[in-house]
Amino acid sequence: LSRFAPAIAVDPLTGTWTHRTALALLRLERRRALYRSTPLSLLRIDVDGMGEWNRVHGRSWGDRYLQDLAAYLTCAMGPRACVARFGGDEFLVLAPETGLAEIEAKALQIRTAILEMAEPTGDTVATATISVGAAGGAVHERLEPGDMLATARDSLTTVRCLGGGGFSTRSWPA
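Here the structure is a predicted model, which is why all the values come from computation and not from measurement. (Residues numbered from 1 in each chain as written. Predicted model: local features only at pLDDT ≥ 70, side-chain atom pairs only at ≥ 80, totals over all residues. Heavy atoms only, no water.)

(A) Structural view of the overall build of the chain. Per the secondary structure count, the chain includes six helices and seven strands. If you list the helices and strands of the chain from N to C, you get α-α-β-α-α-β-β-α-β-β-β-α-β. The C-alpha atoms of the chain give a radius of gyration of 16 Å, which matches the 16 Å a tight globule of 174 residues would have. If one aligns the C-alpha atoms of the chain with their principal axes, the spans along those axes are about 55 × 45 × 25 Å. Burial status across the chain gives 45% buried among its 174 residues. In the chain, once contacts between residues fewer than 6 apart in sequence are set aside, the share between residues at least 24 apart is 71%. Accessible surface, the chain as shown: approximately 8,700 Å² in total, 55% of it carbon and sulfur. (Helix = DSSP H or I, 4+ residues; strand = E, 2+ residues; numbered from the N terminus. Rg over C-alpha atoms; globule rule 2.2 N^0.38 Å. Buried < 20%, exposed > 50% of the residue type's maximum accessible area, 1.4 Å probe, protein only. Contact = heavy atoms within 4.5 Å. Areas by Shrake-Rupley, 256 points an atom, 1.4 Å probe, with all protein chains shown as cover.)

This is the structure we're talking about:
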């Protein structure tokens, strides 16, 4: 199985980490944050209306958009961050040594840049919006990876309930 590990660890479409790898990295980064007493933050990013975009512009447009988004996230977040395709059109970003204020600023920067990212669709150019849920802060012993993911998911759900295209932040539960 170990000779297949690189293929399992990387999403073939986007070149980012897979869901499974992201979970393993989250456990590792949580332990590291506890040991070093450094903050850890997460972003959950969802492309708004991707299913409709695929129906209107075709799957190749959707695939190209996800590839461009993944490349942008990887570059924007820097070498210490872990970018993973967490679902069909959802990404998870782990940001070690990044506090809540920093991740909030980064979420706003990413959201703004994505609004300017356009994809050609035949005779026209299409733009999409993203919803971003951020969570972060100091890590403590009782904070488990599942709690961290749930907090970031709840933050993303808040944005979705408001119609998408925005961002929300939450600190880790006590």
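(B) Representation of the packing of aromatic side chains in the model. This structure, assessed with the given rule, holds two aromatic pairs. Arranged with centres 5.0 Å apart and planes meeting at 20°, the rings of Trp-53 and Trp-61 form a pair that is stacked. Centre to centre, the rings of Trp-61 and Tyr-65 are 5.2 Å apart; their planes meet at 20°, and the pair counts as stacked. A residue pair is termed a helical-turn pair when its members lie 3 or 4 positions apart in one helix, as Trp-61 and Tyr-65 do in helix H4 (residues 59-77) at four residues. Three or more aromatic residues link up through ring pairs in this structure, and these residues are Trp-53, Trp-61 and Tyr-65. (Phe/Tyr/Trp six-rings, centres within 6.5 Å; stacked < 30°, edge-to-face > 60°.)

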